[in-house]
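One letter stands for each residue in the lines below.
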Amino acid sequence: MPVRAGIQGAAPLDAEAPVPTLQSLSLRYDGSLSLLDQRLLPEEERWIDASAPEACVAAIQGLAVRGAPLIGVSAALCLAATAERGASRAALIHAAARLRAARPTAVNLMGAVDRVLAAIHRADDAGLAEAVISEATALFTEDVALCAAMAAHGAALIQDGEGLLTHCNTGGLATAGVGTALGVIRLAHEQGRRIHVFVDETRPLLQGGRLTTWELRRLGVPYTLISDSMAALILRDGRAQRVLVGADRIARNGDFANKVGTYGLAVLARHHGLPFYCVAPTTTLDPACPDGAAIPIELRSPEELRGARGQRWAPADAPTENPAFDVTPASLVTAWVLETGVVWEGTGVVKAR
Ligand code: MRU
């Protein structure tokens, strides 16, 4: 009875392993949902079962799974797994509400869950499970296609021999496909452009240092890991010609939220006269949000700043401020690279939907 499409995302499948129904670099769905625990990368590749709503909520909140598009797809496929187990309409609606609220900033999460909820409300009792599974599967396959289209538009902007600077992780670990900003970089490399990527380590949770380096190493893309505080030097010295980042939510006026540190990079790029691109699918656009000031910004635990992995380096009671994201004003964006095409500054990003 489940809809089994046999679709592969970005990752090559292990020939020895049984072929799952849906597979991306860090997500598998075969009636159950498995996620590659990104907290353990790059040291360990351990998959966790996120089929139960509470397990999936915990995985999203703990950043075992992360990246705006991928948390939306994961939440949807968790609902599919829940439907496969025969959950009632009321139980599915309850689970959807919990998943939808797991993180506040990435609008992809709300958008994906709302699509599944609409399918739940449309379906009759006999077709309920199939409707949920089919909508969640569509969200996965659509994200793969969105990534491919963004990569094609963005790679055309990159010249042979360039240095590129990126922040956080926006690749196959953040989407069901090749990624957003990192998907552009990957395709430029695959098309034969000789590029070099400067990877911000992305404090405090090191999505750049742990995850983007892991992806680029697998892909054979030349890169250098830098501390976040070194980005200014790289841009001043002409070692990177472009800055590419992803987004968690783009407001109607083009302001966007992305991993904290993005705003600083945009200021630096403007100061040095370098192009700064926001690469995101239209599932990241929020037309209901008028500008960046209206984007809800997630505040995370002080412990993420006071130390890491069981080691504390700040006083246990050190006052902290730890927003997961910051907002970059549209005025600092050279262009938004969407799956629909490249929208240049001042031409109306939401109209491009
Ligand atoms: O807190 P995270 O790791 O989920 O933050 C992720 C980002 O900020 C990404 O840049 C964003 O989701 C776009 S990734 C396709």
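Residues numbered from 1 in each chain as written. Predicted model: local features only at pLDDT ≥ 70, side-chain atom pairs only at ≥ 80, totals over all residues. Heavy atoms only, no water.

Moving on, we come to the site of the ligand. Surveying the vicinity of the ligand reveals 17 residues, the closest of which are Arg66, Ala68, Arg103, Asn258 and Lys259. Take glycine 67: an N or O atom from its main chain is 3.0 Å from an oxygen atom of the ligand. Between an oxygen atom of the ligand and a side-chain N or O atom of asparagine 258, the distance comes to 2.6 Å. The protein chains hide 100% of the 410 Å² of surface that the ligand would expose on its own. Of all the cavities here, the one that holds the ligand is the largest cavity. Contributions of two or more residues to the shell around the ligand are made by α2 (68-84) and β11 (256-259). The class makeup of the residues in the shell around the ligand is 6 nonpolar, 7 polar and 4 charged. Viewed by domain, the shell around the ligand spans two of them, domain 1 (3-147) and domain 2 (150-352), each represented by three or more residues. (Near = heavy atom within 4 Å. Polar contact = N/O pair within 3.5 Å; in protein donor to acceptor, adjacent residues only side chain to side chain. Areas by Shrake-Rupley, 256 points an atom, 1.4 Å probe, with all protein chains shown as cover. 1 Å grid on protein atoms, 1.4 Å probe; cavity = no way out; pocket = protein on both sides within 12 Å on 5 of 7 lines; lining within 4 Å. Sits in = over half its atoms within 2 Å of the grid points. Helix = DSSP H or I, 4+ residues; strand = E, 2+ residues; numbered from the N terminus. Nonpolar A, V, L, I, M, F, W, Y, C, P; charged D, E, K, R; others polar. Domains from an automatic or database assignment.)

Here we come to the domain arrangement of the protein chain. In terms of domain boundaries, the protein chain breaks down into domain 1 (3-147) and domain 2 (150-352). The gap between the C-alpha centroids of domain 1 and domain 2 is 24 Å. Taken residue by residue, the interface counts 32 residues in domain 1 and 38 residues in domain 2. Taken together, the two surfaces of domain 1 and domain 2 that pack against each other cover about 2,900 Å², and 55% of this comes from carbon and sulfur. When the buried area of domain 1 at its contact with domain 2 is split by residue, Thr105, Leu146 and Cys147 rank highest and sum to 24% of it. At the junction of domain 1 and domain 2, the tally comes to 2 salt bridges. Across the pair arginine 309 and glutamate 43 runs a salt bridge whose closest N-O atoms are separated by 3.3 Å. Where domain 1 packs against domain 2, one counts 21 residue pairs in polar contact (both at pLDDT 80 or more). Elements with a minimum of two residues in the side of domain 1 that touches domain 2: α2, α4 (107-122) and α5 (128-155). Of all the elements, α5 adds the most residues to the side of domain 1 that touches domain 2, at 5 residues. Residues belonging to the side of domain 1 that touches domain 2 are distributed by class as follows: 17 nonpolar, 9 polar and 6 charged. (Contact = heavy atoms within 4.5 Å. Buried area = accessible area lost by both parts, 1.4 Å probe. Salt bridge = Lys/Arg side-chain N within 4 Å of Asp/Glu carboxyl O.)

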